[in-house]
Amino acid sequence: MKYTQLGRTGLKVSRLILGTMNFGPQTDESTSHGILDAALDAGLNFVDTANVYGWGENKGRTEEIIGTWFAQAGGRREKTVLATKVYGSMAREGGTWPNEDRLSALNIRRAVEASLKRLQTDYIDLYQFHHVDRRTPFEEIWQAVDVLIQQGKVLYAGSSNFPGYKIAQANEAAARRGMVGLVSEQCLYNLHERRAEMEVIPAAQEYGLGVIPWSPLHGGLLGGVLKKETEGGRRTEGRAAETLADPVVRAKFQAYEDLVDKHGLAPGETALAWLLTRPGVTGPIVGPRTVEQLSSALRALELELGDEVLTALDEIFPGPGPSPEAFAW
């Protein structure tokens, strides 16, 4: 396993992050525990979740599955850098009640306590704001986080789905309080979706945040979906099918699959390995449904992409270019 520092912190984390969104909805508890064990055995020490995972009537179920894994002891909690998130409503069917979502000091306090209970732990290493809250000032958010840090319930704070200017606002507000501020940003970033390069990643680098890409395979489209279609192994549906309905976009993914096939590479592993070459990236989140899928993701750590491949990938999926040159002179 390869490790790096999380942003400007002293925290050492694995260059792959285990995403757990499938735990509960698509992967049962026993299999989820097997994936967690396999990840830890491989040296992967960074586990990401969110209070709303489990979805619908089962919100919180994913945290519960991780909690029962920690309860098996064996140093599981001590070896794990645990990240969870707060923002979405935890209300069950029947509607929400005021202050059950977003980033008010009240909801942050309640959400932390609920997550700690489900996770069967007394602290969260990285507590992430799942989305921007346009209604709550950062002064209030940081006041709530400061209390949690003093109580030892949270060690670091991170953001997710923040635009660049909100990263700047958040950390300037934290600095005024003498706080460390955000240490990571979890954003949508992959070969096909590179808009984060324009503002989000530069802001993260400027303020010392580690970048944690989610959906590194763009919903599976960078995992060889066209070949799987041809071989009859998988039928593309939903958002992926809509994306591929555009013939120009489909041609890009075909060119991508042809390129990796030419070089004897696996498409999913190539997409992950490309992210590991990107400036500012701590590591991508992988969300395996099986131990076999985790093994495939781990192989990306040993894959070194040559200049020829990297240049060809840029030609197929060009980035937006630097800001402001991308949209100005």
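Computed from a predicted structure; not experimentally measured.

> What is the right way to read the pairing of strand β9 (residues 210–214) from this model?
As a general feature of sheets, a regular strand has side chains that alternate between the two faces. With respect to burial, β9 is a largely interior element, 4 of its 5 residues being buried. With helix α7 (residues 200–207) bridging strand β8 (residues 182–188) and the parallel β9, this β-α-β connection has right-handed handedness.

> Would you mind going over helix α12 (residues 291–299) with me for this structure?
Helical geometry: 3.6 residues make up each α-helical turn, so side chains three or four residues apart lie on a common side. For α12, every residue scored as buried is listed here: L294, A297 and L298. Projection of α12 onto a plane perpendicular to its axis shows the buried side chains occupying an angular sector of 100°, all on one side.

> What's the story with the nonpolar core in this structure? I'm lost.
Among soluble globular proteins, nonpolar side chains are generally buried collectively. Core analysis: the biggest nonpolar cluster contains 59 residues, and F129 and W142 have the highest contact counts within it. A total of 6 residues in this core trace back to one element, the largest contributor, which is helix α5 (residues 138–151).

> Hey, could you run me through the environment of Y87 in this one?
Its location among the elements puts Y87 in the loop between β5 (81–86) and α4 (105–119). As a C-alpha pair, Y87 and V281 span 194 residues in sequence and 24 Å in three-dimensional space. Residues in contact with Y87, not counting those within four places in the same chain, are D101, R102, L103, H130, H131, V132 and D133.

> How should the environment of L272 be read in this particular structure?
Summarising the element assignment, L272 is placed in helix α11 (residues 267–276). Take L272: its relative accessible area is 3%, and that puts it in the buried class. Each C-alpha atom of the pair L272 and V225 lies 15 Å from the other, and the pair is 47 residues apart in sequence. Not counting chain neighbours up to four residues away, the residues in contact with L272 comprise P216, L217, P284, V286, A297 and A300.

> I keep staring at the packing of aromatic side chains and nothing clicks. Help me out?
All chains considered together, the criterion is met by 7 aromatic pairs. On the basis of an interplanar angle of 45° and a centroid distance of 5.4 Å, the ring pair of Y53 and W55 is categorised as tilted. Classification of W55 by relative accessible area gives partly exposed; the value is 38%. In textbook terms, an aromatic cluster arises when at least three aromatic residues are bridged by ring pairs, as seen for F253, Y256 and F317. In this structure, R77 packs its charged tip against the face of F70, placed 5.3 Å from the ring centre. Here the basic side chain of R77 rests over the ring of Y123, its NZ or CZ set 4.0 Å away from the ring centre.

> Just checking my understanding: could you explain the environment of F317 for this structure?
Relative to the helices and strands, F317 resides in the segment after α13 (307–316). Linking F317 and F253, residues 64 residues apart in sequence, is a C-alpha distance of 9.0 Å. When sequence neighbours within four positions are dropped, the list of residues in contact with F317 reads L191, H192, R194, L222, K252, F253 and Y256.

> What should I look at first to understand unusual backbone geometry in this one?
A negative phi angle is the norm for most residues apart from glycine, just as the trans form is the norm for most peptide bonds. Note the cis peptide between S323 and P324, where omega equals 5°. Among the secondary structure elements, P324 is positioned in the segment after α13. Backbone geometry places A73, a non-glycine residue, at a positive phi of 65°. Within the fold, A73 resides in the loop between α2 (61–70) and α3 (76–79).

> Sorry if this is basic, but what is going on with the packing of α5 against helix α6 (residues 164–176) here?
Helices that pack against each other are described as a pair by the angle of their axes relative to one another and the distance between those axes. Two numbers describe how α5 lies on α6: the axes approach to 9 Å, and their chain directions differ by 60°. Regarding the angle of α5 to α6, the classification is oblique. The chirality of how α5 crosses α6 is right-handed. Taken together, the residues of α6 that come into contact with α5 (itself represented by F138, E139 and W142) are K166, Q169, A170, N171, A173, A174 and R176.

Reading guide: rules and limits
Residues numbered from 1 in each chain as written. Predicted model: local features only at pLDDT ≥ 70, side-chain atom pairs only at ≥ 80, totals over all residues. Heavy atoms only, no water. Buried < 20%, exposed > 50% of the residue type's maximum accessible area, 1.4 Å probe, protein only. Helix = DSSP H or I, 4+ residues; strand = E, 2+ residues; numbered from the N terminus. Right-handed = clockwise from strand over helix to strand, strands pointing away. Arc of directions from axis to C-beta. Core = buried A, V, L, I, M, F, W, Y, C linked by side-chain atoms within 4.5 Å. Contact = heavy atoms within 4.5 Å. Phe/Tyr/Trp six-rings, centres within 6.5 Å; stacked < 30°, edge-to-face > 60°. Lys NZ or Arg CZ within 6 Å of the ring centre and 35° of its normal. Axes fitted to C-alpha atoms, helices over the stretch in contact; angles between N-to-C directions. Parallel < 35°, antiparallel > 145°, perpendicular 65-115°, else oblique. Left-handed = near helix turned anticlockwise from the far one by under 90°.

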